[in-house]
Amino acid sequence: MQVGQSFSLELIQTKTFWRQATAFEVKRLLIAGKQKEALRAAQDGQIWGCALLMARQLGQKFYTDTTAEMAQRQFQPGFPLRTLTLLYAGQHAGVFVGNTNSSNVTALQPQLVPASAVDGATQDAVEGMLEEWQENMAIMAVNRTNGDERVIMQLGDCLWRHRDEICGAHICYLVANASFKPFSPPARLCLIGADHCKYPRTYASPEAIQRMEVYEFARVTSNSQFILLPYKLIYASMLAEAGKINEALRYCLAVLKTLKTVGHAADVCKKRL
């Protein structure tokens, strides 16, 4: 038998021994009626099936705490299964915090991850989320949980601030149903794929407005109140400056038609222009 195979066999035997020892300890505590101590022993021994069953019996708080601890001890920060398990447990803040005891994880607060680098476990968690942000985004998008919008928005903030990935950040904001806002530095969404903070004078480019037109078309099919009139007027002026008068006129007529049919559209235009 080779050295590597021998080491692997010894490791498996050691794990089996400790699991059996933990199982006997859990059994002893349960026979003595010490359910909470038995739960702690199962958690320490990472017998998660038994631990989750006992936690469910003890109550919802024990169950969610045990689920969160399992996620933190089984998976590295940023791993999509860790993210989803923490969301299932209602431990939203744990997604952006390094592995620790679940009792130290509090409810997610609305503040954003600081733009400056954070040290210790939190930095590891943020970097882990960013390394696999597409997979984390996907697993949250198709397995929705209560309050996951805040985590998705926070992922977008991290992408924007730490990686300067404006398109990735905007994908997160759109999945989280963030609202489009008039231009202002604190706004997250003005035009899709356009960084209005870095380029306040030029972010309203033809390409950005065209992306918004595609998004508007998709939204209008289900929500006729989603309008983008101010940027359409800007786009019309760009077309006119480029000598495409007929196309510019069509945009202006489309805006005029919308103004006549949607009562509050004029006020929206005045505020955003």
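Source: prediction; values computed, not measured.

A. Spatial organisation of unusual backbone geometry. In this structure, Gln46 takes a positive phi of about 55° despite not being glycine. The residue Gln46 is located in the loop between α2 (35-44) and α3 (48-58) in this model.

B. Seen up close, the confidence of the model for the chain. Predicted confidence across the chain gives a mean pLDDT of 82, with 79% of residues reaching 70 or more. Taking the mean pLDDT of every element in the chain, the minimum, 49, falls on helix α13 (residues 265-272) and the maximum, 96, on helix α7 (residues 133-142). This stretch, residues 102-121, has a pLDDT under 50; its non-local contacts, to residues over four places away or in other chains, come to 35 contacts.

C. Looking closely at helix α12 (residues 245-261). Between the first and last C-alpha of α12 there are 25 Å, a value that for 17 residues agrees with the 24 Å anticipated at 1.5 Å per step. Listing the buried residues of α12 in full gives Ala248, Tyr251, Val255 and Thr258. The arc that holds every buried residue of α12, seen down its axis, measures 85°, which confines them to one face. Turned more than 90 degrees off the buried face of α12, the exposed positions are Ile245, Asn246, Arg250, Lys257, Lys260 and Thr261.

D. Representation of the nonpolar core within the structure. Judged by nonpolar contacts, the single largest core of 49 residues is most densely connected at Phe96, Leu155, Leu191 and Tyr231. The dominant element in this core, judged by the number of residues it contributes, is helix α8 (residues 148-163), at seven residues. If near-sequence neighbours (up to four positions away) are discounted, Leu191 is found in contact with His170, Tyr203, Ala204, Ala208, Ile209, Met212 and Tyr231. Counting residues in each nonpolar core, the second largest holds twelve residues, with Ala51, Leu52, Ala55 and Met70 among its members.

E. Summary view of the pattern of salt bridges. As enumerated under the stated definition, the model contains 13 salt bridges in all. Among the ionic pairs, Asp44 bridges to Arg40, the shortest N-O distance being 3.3 Å. Of this pair, Asp44 and Arg40 both sit in helix α2, four residues apart, which is roughly one turn of that helix. Overall, Arg40 belongs to the partly exposed group, its relative accessible area being 35%. Across the pair Asp164 and Lys198 runs a salt bridge whose closest N-O atoms are separated by 2.6 Å. Placement of Asp164 in the loop between α8 and α9 (166-175) and of Lys198 in the loop between α9 and α10 (206-220) is noted, with a sequence separation of 34 residues between them. Asp164 sits in the partly exposed class, given a relative accessible area of 41%. Residue Lys198 is classed as partly exposed on the basis of its relative accessible area of 43%. The network of salt bridges with shared partners includes Arg40, Asp44, Glu69 and Arg73.

F. Representation of the packing of aromatic side chains within the structure. Per the stated rule, a full pass over the model turns up six aromatic pairs. Plain terms: the ring middles of Phe180 and Tyr215 are 5.7 Å apart, the flat faces sit at 55° to each other, and that makes the pair tilted. In this pair, Phe180 is assigned in the loop between α9 and α10 and Tyr215 in helix α10, connecting sequence segments 35 residues apart. Judged by relative accessible area, which is 19%, Tyr215 ranks as buried. Ring geometry for Tyr203 against Tyr231: centres 6.4 Å apart, planes inclined by 80°, an arrangement best described as edge-to-face. In this pair, Tyr203 is assigned in the loop between α9 and α10 and Tyr231 in helix α11 (residues 229-241), connecting sequence segments 28 residues apart. Considered together, Tyr203 and Tyr231 belong to a single accessibility category, that of buried residues. When the ring centre of Tyr63 is taken as origin, the NZ or CZ atom of Arg56, which lies over that ring, is 3.9 Å away.

G. Structural context of the side chain of Thr85. Mapped onto the fold, Thr85 is located in helix α5 (residues 80-88). Those residues in contact with Thr85 that lie beyond four places of it in its chain are Thr67, Met70, Ala71 and Phe75.

H. Examining a nonpolar patch on the surface more closely. Together, Leu249, Leu253, Leu256 and Leu259 make up a nonpolar patch on the protein surface, roughly 330 Å² of accessible area in all. Note on placement: Leu253 falls in helix α12.

Scoring rules and cut-offs
- Starting from 1, residues in each chain are numbered consecutively following that chain's sequence as written.
- The model is predicted, so local features are restricted to residues of pLDDT at least 70 and side-chain atom pairs to those at 80 or more, both for listing and for counting; the totals for chains, interfaces and linings are taken over all residues.
- Water and hydrogen atoms play no part in the side-chain values, which are based on all heavy atoms of the structure.
- The secondary structure listing takes helices from DSSP runs of H or I that are at least 4 residues long and strands from runs of E that are at least 2 residues long, numbered from the N terminus.
- The pLDDT value tells you how sure the predictor is about a given residue, anywhere from 0 up to 100.
- In what follows, residue pairs with any heavy atoms lying within 4.5 Å of each other are defined as contacts.
- Expected helix span is given by 1.5 Å per residue-to-residue step, counting one fewer step than there are residues.
- Here the term buried applies to any residue with accessible area under 20% of the maximum for its type, exposed to any over 50%, and partly exposed to those in between, with areas from a 1.4 Å probe on protein chains only.
- By arc we mean the arc of the directions from the helix axis to the C-beta atoms, nothing more.
- Here, nonpolar core refers to any group of buried Ala, Val, Leu, Ile, Met, Phe, Trp, Tyr and Cys residues whose side-chain atoms link them within 4.5 Å.
- Criterion for a salt bridge: a side-chain nitrogen of Lys or Arg within 4 Å of a carboxyl oxygen of Asp or Glu.
- For Phe, Tyr and Trp, rings pair up if their centres lie within 6.5 Å, where Trp contributes its six-membered ring, and each pair is then called stacked (planes under 30 degrees apart), edge-to-face (over 60) or tilted (otherwise).
- Counted as over-ring charges are cases with an Arg CZ or a Lys NZ within 6 Å of the ring centre that also lie within 35 degrees of the ring normal.
- Patch membership needs two things, relative accessible area over 30% and no salt bridge, and members are linked within 9 Å if like-charged or within 5 Å if nonpolar (Val, Leu, Ile, Met, Phe, Trp, Tyr).
- Using a 1.4 Å probe, accessible areas were evaluated by the Shrake-Rupley method; residue-level cover was limited to the displayed protein chains.

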